[in-house]
Amino acid sequence: MDVIVCVRKVPDTAEADVMVEKSGKDIEKSRLTFTINEWDNYAVEEAIQMKEKYGGTVTVVTVGQKDVEDVLRRSLAMGADKAIRVDMEDPDDAYTLANILCAVIKNQKYDLVLFGAQSGDFNRGVTGAMVARMLGIPHATMVNGIEVLDGSIKASRELEGGLNEIYEIKLPALLTIQTGINEPRYVSISGIRKARQKPLEVLTPSDVGVGSIEPMIVLDKMYMPPPGKLAEFIAGSPEEAAAKLASILKGKGVL
Amino acid sequence: MAVFVFIEHREGKLMDISFESLSAAQKLNDTVVAVVAGENVSDLAEKVAKYADKVIVAEDPKIDTNNEAYTRVLNELIKKEKPKVVIMGHSSMGMDIAPALSVDLGLPIATDVVKINPEGGKIKVTRSIYNGKVLADYNLKNADTYIITIRAGEFSADDLKEKNGKIEIVDSLLKDEVADKKFVGYVQPVVGAVDITQADILVSVGRGIKDKENIPLAEELAKTMGGVLSCSRPIVDYGWLPKERQVGTSGKTVKPKLYLALGISGAFQHVAGMKGANMIVAVNKDPKAPIFSVAQYGIVDDILKVIPALTQKVKEIKG
Amino acid sequence: MMEVEEASFDKLYDVYACMQCGKCTGSCAVSLRTKLNIREMMRIAILGNNDDLKEHEEIWDCTTCGICTVRCPRDLKPSEVIVGLRSVLVEEGEVPSTIRDALESIGNNNNPWGRPKSKRADWMNDLGVEVKNLSAGDEAEYLLYIGCTASYDTRIQKISRAAVRVLTKLGVDFGVLGEEEPCCGSEARMMGESGLFEMLVEDNLNLFNDFGISKIITLSPHAYNAFKTDYKDYKKRLEEEGIEVPDLELDVVHYTQFLAEQIDEGRLTSDMMNEFNKTVVYHDPCYLGKRNNIFEPPRQILSIIPGINLVEFERREDRSLCCEGGGGKMWSEGTGTGERNAVIRARDAGALGAEVIAVACPFCMSTLEDGRSTAGYEESMEVKDIFEILDEVLK
Ligand SMILES: Cc1cc2nc3c(=O)[nH]c(=O)nc-3n(C[C@H](O)[C@H](O)[C@H](O)COP(=O)(O)OP(=O)(O)OC[C@H]3O[C@@H](n4cnc5c(N)ncnc54)[C@H](O)[C@@H]3O)c2cc1C
Ligand SMILES: Cc1cc2nc3c(=O)[nH]c(=O)nc-3n(C[C@H](O)[C@H](O)[C@H](O)COP(=O)(O)OP(=O)(O)OC[C@H]3O[C@@H](n4cnc5c(N)ncnc54)[C@H](O)[C@@H]3O)c2cc1C
Ligand code: SF4
Ligand code: SF4
């Protein structure tokens, strides 16, 4: 089984204060830490577990400038065999990105392509399925379980409300991976150091053979949402408070 | 010009997101055309017609709840009817279908949208990015049709206006069965092996639950809400719940849609494991409990009174 | 032969000298409540079989308290062998997920708690006193090294704030590093991630050098132990690897040592204090006591507080009962069952009539705060750091 995994470096904004730059086109990044997109980490682990079980190779691919290379090194240390970086600014538009990734993947040998279900910064959840379409192979998004069969796989997709649905999909195929599908291993610092010997290929956009692509979506401006409130206390007797809470939960679509 | 709404349904039931999509479509002040595809969907179509100007029903057993089949049916319908906008949920299903349609038809797509602003013939959307800390407006490339998936909970179905549109049944648009991607079936994740990291709703109890005897109260609330019971570390230490249920730095890190903290003070080690939840609601008799500083909603009261009351109310709402 | 990165277990730890007497197990802090049998771990190290190792999840139960090393009649270091065994697992990526997350966070955020760097100085908000920031160009004689837990844990932050107020009142010329303060790496090393620790040693020596820091007062005995002992060893290692590190001799003290010195020199006296009319029992942290033989200074500080009724645990000093806070235990529950040591400790304190357990370590604060509640002393007993008591009594 030869598997390609597309990975991306994202800022960790779960808890950090995020500010929009004056230009309104980006956020201030100097004080943020960047790591591999959480979903992609699961995808890499899944690919490596497949390799350990069925043999084959794992190739990790990213589009970005030199500073994103550490996510590739980390993936190599996890057990990937080869890494490819397309040396260009990460495009603002998923369609452009998908075109580039498609062009890279097309020239590789693969049975399976894995993406993260979404990335933690823009949470669009679109790149993977687009690439599948461009490659002309079947896909399944939000995959939380994979069973390898002969020439095909069974993929379990996570649905809302705790239900899963199962598809049988012919190989080659593309899956986007949901968190929790496995337990990603720890990658030690000395492991990352040792992985420096593994091959990391850098391609230019012209190597890949993509010219200019008209983006489908263009950022107009970024801005801060209205400040969130602190805890809103729900008053009343236990029955009244419970009733109010229940209707809030219903209104927010949680129930 | 029309706005298409792709109606999601599962096992004979309409999904909530379908009504939210209808609500988003109605706000665009255009003809709302709902698309209901699948097998035996005519009674679903009637429920949808209430809120649409027109319902297109594509009855076809070959669809077999296969996302690829839905994609192909939608593809044909869009080519035929040329709607201005296609709206569906940014749901598991929408994520499978919408990007594929975009590439197949060469149409611009915006996903997980929280606001849609038409500007003349163009469309601008608002997305919430970086963990909801930043909003961003995007312009979509000029096109005949725009594909948009909406975030759940952003377009309230309460705003729906009645339209009572007509139902139009179209011939099967699916030429062949889908060969390379077969729907096998739905499965309920194995019960027994409770995995609190995968639950959408966690009802979590802390030392405030006081007694092992009270655990079933919380268990019932969790069940009623369709959630799972989790806890703080002392509850595990007392042996009232198994280790797998512990949330926190030395337990599990969870990110449910709703985290309901009952009688939990909000110690650092606990909060570190649950602060990533979409919504945190805390019930604690101490208004100064640190848990309230990470909660969006709080009730200051005795959990032993609030839990049964809430169970009752949720039951009423769920019918 | 199972190998850790740099050499075999035999070369590094002389494991063949172990006579399997079991004194280590007999003294072990957790042998009664976990599956850990340190003598057996020694045997595994002697036989050297990686596959075996994965089945011994109890490797993560060790608190690295170090008492086994104190007790070993052959002068072996079983507590270091555990760290070595862990590092084999770390290199294979086979670590419990909570430990993995803590280690990854040290690598990404420079703290094991998964918190952003940009919030590391939040404990200083509304402090009410000016503090020098050595990373922002201020100069001072001492760096007060706060550490990760005392920077982020909302309960422990109170110790950091108390520390600043007390040192300010005493007129000490000190500063902090604010958001730029790095993780000392002690827990990373104890969890077996020696590569990460080595990287931190390199980075931090450079950072201290850049900001002109050589004298350090630490809040945590773990940071004290790392700066004092492990940084020296690893500096040598780095130099052997041909990596250039600044020639910096760190002059490190734990704050209890520093305050005891102030007493000796007459700068901290009973006259400066109000009465503290409570029964207090001091809990020896392993990294101060067993590992570094610092028993007197904390007691000396407490003893000059007017009105205090100091009592002692029966198990104290080098026989003190480990609170189970170290060695990565903050991020792993392990195989432990039954009563935690911290609960036992709180009960022992209760039996002595103590109203306050005095601690001198952030981890002890975490574990004992929890143990006290579990033991049912929420209303009648407090856990206080010595800095907090001083903050309360200093006029
Ligand atoms: C205003 C703006 C600012 C931006 N700033 C940044 C920035 O600071 N840093 C930055 O890295 N990008 C930046 N981008 C680029 C943009 O994030 C990409 O277009 C990416 O597709 C968006 O992620 P997503 O959430 O839409 O991906 P999704 O559709 O959710 O898909 C995510 C999956 O696609 C794959 N993937 C995503 N990106 C890559 C990649 N570059 N290489 C290989 N595989 C990939 C991964 O498998 C990932 O899990 C910016 C875009 C905009 C509009
Ligand atoms: C190394 C270490 C690791 C730890 N790891 C974890 C971990 O992973 N997860 C974890 O949870 N903890 C962990 N802890 C423990 C943590 O420090 C706290 O002790 C624990 O989270 C407290 O649990 P609690 O909130 O349930 O109890 P308490 O702090 O005792 O809080 C009980 C709360 O219930 C309220 N209450 C009481 N009665 C009622 C009532 N009738 N109605 C409403 N409210 C009521 C009280 O006001 C109080 O706020 C760890 C501790 C250590 C030392
Ligand atoms: S005390 Fe020392 S000699 Fe005895 S078993 Fe333990 S390590 Fe071996
Ligand atoms: S260091 Fe302490 S906990 Fe670890 S094995 Fe030795 S005695 Fe036991």
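Note: the structure precedes this text.
Anyway, here's the lowdown on the structure attached to this text. (Residues numbered from 1 in each chain as written. Chains lettered and ligands numbered in written order. Predicted model: local features only at pLDDT ≥ 70, side-chain atom pairs only at ≥ 80, totals over all residues. Heavy atoms only, no water.)

1. Observations concerning the pairing of strand E1 (residues 2-6) of chain B
Residue and element names in this part refer to chain B. Convention followed: Each residue is placed in one exposure class: buried if its accessible area under a 1.4 Å probe, protein chains only, is under 20% of its type's maximum, exposed if it is over 50%, and partly exposed if it falls in between. Note on conventions: DSSP H or I runs of at least 4 residues are helices, E runs of at least 2 residues are strands, and numbering of each starts at the N terminus. A pair of strands is labelled paired if DSSP reports no fewer than 2 bridges between them.
Counting buried residues in E1 gives five out of five residues, a clear majority hidden from the surface. Bridge count between E1 and strand E6 (residues 85-89): three bridges; the pairing is parallel. Paired with Val3 across the two strands is Val85, which belongs to E6.

2. Some thoughts on the site of ligand 2
Here is the rule: If even one non-hydrogen atom of a residue comes within 4 Å of a molecule or strand, that residue is called near it. Whenever two N or O atoms come within 3.5 Å, that pair is a polar contact, provided that in protein one can donate a hydrogen and the other can accept it, and provided that, for residues adjacent in sequence, both atoms are side-chain atoms. Only the protein chains shown count as covering a residue, and every accessible area follows the Shrake-Rupley method with a 1.4 Å probe. Here the term charged refers only to Asp, Glu, Lys and Arg, the term nonpolar to Ala, Val, Leu, Ile, Met, Phe, Trp, Tyr, Cys and Pro, and the term polar to all other amino acids, Gly among them.
The environment of ligand 2 is made up of 31 residues, and the closest members are Lys210, Ser232, Val247 and Ser265 of chain B together with Asp370 of chain C. Positioned at a junction of chains, ligand 2 has nearby residues supplied by chains B and C. At 2.7 Å, a side-chain N or O of His270 of chain B approaches an oxygen atom of ligand 2. Within the side chain of Asp370 of chain C, a nitrogen or oxygen atom sits 2.4 Å from an oxygen atom of ligand 2. Here ligand 2 loses 91% of its free accessible area of 990 Å² to cover by the protein chains. Taken together, the elements giving at least two residues each to the shell around ligand 2 come down to helix H6 (233-237) and helix H7 (268-271) of chain B together with helix H16 (362-374) of chain C. For the shell around ligand 2, the leading source of residues is H16 of chain C, giving three residues. Among the residues forming the shell around ligand 2, the class breakdown is six nonpolar, 15 polar and 10 charged.

3. Notes on empty space enclosed by the protein
Residue and element names in this part refer to chain C. Here is the rule we go by: Here a cavity means grid points, on a 1 Å grid over the protein atoms only, where a 1.4 Å probe fits yet cannot get out; a pocket means an open set of points with protein on both sides within 12 Å along at least five of seven lines; lining residues are those with an atom within 4 Å of a point. Grid points are joined across faces, edges and corners, and a volume is the space filled by probe spheres set on the points.
Considering all chains together, one arrives at eight cavities of 30 Å³ or more under this definition. Estimates place the volume of the largest cavity at around 190 Å³. Along the walls of the largest cavity sit 21 residues, with Cys148, Thr149, Cys184, Glu187 and Phe363 positioned nearest its centre. When contributions to the lining of the largest cavity are tallied by element, the ones reaching two or more residues are helix H8 (148-152), helix H10 (186-190), helix H12 (221-240) and H16.

4. Things to note about the side chain of Ser105 of chain C
Our working definition: In this description, contact between two residues means that some pair of their heavy atoms is separated by no more than 4.5 Å.
Locating Ser105 of chain C in the fold gives a position in helix H7 (residues 97-109). Leave out the neighbours within four places in its chain, and Ser105 of chain C touches Asn110, Asn111, Pro112, Trp113, Gly114 and Arg115 of chain C.

5. Some details on the packing of helix H13 (residues 255-264) of chain C against helix H14 (residues 296-303) of chain C
Residue and element names in this part refer to chain C. What counts here: Interaxial angle, 0 to 180 degrees, is taken between N-to-C directions of lines fitted to C-alpha atoms, where a helix line uses only the stretch in contact. Oblique is the label for every angle not falling under 35 degrees (roughly parallel), over 145 degrees (roughly antiparallel), or within 65 to 115 degrees (roughly perpendicular). Working rule for handedness: look at the near helix, and if it is turned counterclockwise from the far one by less than a right angle, call the crossing left-handed; if clockwise, right-handed.
Remark: H13 packs on H14, axes separated minimally by 8 Å, with the N-to-C direction vectors making an angle of 55 degrees. On the basis of the axis angle, H13 is oblique to H14. Seen from above, H13 lies across H14 with left-handed handedness. Judged by residue contacts, Thr256, Gln257, Leu259, Ala260, Ile263 and Asp264 of H13 engage Pro297, Pro298, Gln300 and Ile301 from H14.

6. Digging into the sheet that holds strand E5 (residues 251-254) of chain C
Residue and element names in this part refer to chain C. The five strands are arranged E1-E3-E2-E4-E5 in an open sheet whose pairing can be described as parallel. Of all strands in the sheet, those with a lone pairing partner are strand E1 (132-133) and E5, marking the two edges. Two elements, strand E2 (residues 142-145) and strand E4 (residues 215-218), share three bridges in a ladder whose sense is parallel. Bridge pairing in E4 places Leu143 opposite Ile216. Of the strands in this sheet, E2, E4 and E5 are in contact with H13, which crosses E5 at around 85 degrees.

7. Looking at the packing of aromatic side chains
Residue and element names in this part refer to chain C. For clarity, the threshold we go by: Classification of ring pairs rests on two measures: the distance between centres of Phe, Tyr or Trp rings, Trp counted by its six-membered ring, which must be within 6.5 Å, and the angle between planes, read as stacked under 30 degrees, edge-to-face over 60 and tilted in between.
Taken as a whole and assessed by the stated rule, the structure comprises 16 aromatic pairs over all chains. Measuring from centroid to centroid gives 5.0 Å for Tyr142 and Phe258, while their planes differ by 75 degrees, and the two rings are edge-to-face. You can see Tyr142 sitting in strand E2 and its partner Phe258 sitting in helix H13, a full 116 residues away along the chain. The exposure classification of Tyr142 matches that of Phe258, with both residues buried. In this structure an aromatic cluster arises from ring pairing among Tyr145, Phe197, Phe208, Phe227, Tyr231 and Tyr234.

8. Side note on the pattern of salt bridges
For clarity, the cut-off: Between Lys or Arg on one side and Asp or Glu on the other, a salt bridge is scored when a side-chain nitrogen of the former is within 4 Å of a carboxyl oxygen of the latter.
Counted by the stated rule, this structure contains 68 salt bridges over all chains. Two residues, Asp2 of chain A and Lys109 of chain A, come together in a salt bridge whose shortest N-O distance is 2.6 Å. In this pair, Asp2 of chain A sits in the segment before strand E1 (3-6) while Lys109 of chain A sits in the loop between helix H3 (94-106) and strand E6 (112-116), placing the two residues 107 residues apart along the sequence. Look at Asp2 of chain A and you get buried, because its relative accessible area is 11%. With a shortest N-O distance of 3.5 Å, Arg157 of chain A and Asp96 of chain B are connected by a salt bridge. Here Arg157 of chain A, found in strand E8 (residues 152-158), pairs with Asp96 of chain B, found in helix H4 (residues 92-105), and the two come from separate chains. Under the relative-accessibility criterion, Asp96 of chain B is labelled buried at 1%. Through salt bridges with shared partners, a single network forms among Lys66, Glu69, Arg73, Arg85 and Asp87 of chain A.

9. What about the sheet that holds strand E13 (residues 201-205) of chain B?
As summarised here, the arrangement of the six strands in space is E13(A)-E17(B)-E16(B)-E15(B)-E13(B)-E14(B), forming an open sheet in which the pairing is parallel. If you trace the sheet from one side to the other, it starts and ends with strand E13 (232-233) of chain A together with strand E14 (228-231) of chain B, each paired once. With four bridges joining them, E13 of chain B and E14 of chain B adopt parallel strand pairing. Bridging from a neighbouring strand, Ser204 of chain B pairs with Ser230 of chain B of E14 of chain B. Strands in contact with helix H5 (residues 215-225) of chain B are E13, E14 and strand E15 (258-262) of chain B; relative to E13 of chain B, the strand with the most contacts, it is inclined by about 170 degrees.

10. Brief notes about the interface of chain A and chain B
Which entries qualify depends on this criterion: When two parts are put together, the accessible area they lose, computed with a 1.4 Å probe and summed over both, is reported as buried area.
Each partner contributes to the interface: chain A provides 76 residues, whereas chain B provides 83 residues. For the pair chain A and chain B, the summed buried surface comes to about 7,000 Å²; carbon and sulfur atoms form 59% of the total. If you sort the residues of chain A by the area they bury against chain B, Arg133, Tyr167 and Met216 of chain A come out on top, with a joint share of 11%. Along the contact surface separating chain A from chain B lie eight salt bridges. Here chain A is connected to chain B by 33 residue pairs in polar contact (both at pLDDT 80 or more). Sorting the residues of the side of chain A that touches chain B by element identifies helix H4 (127-135), strand E7 (139-148), E8, strand E9 (164-170), strand E12 (217-223), E13 and helix H7 (238-251) of chain A as the ones contributing at least two each.

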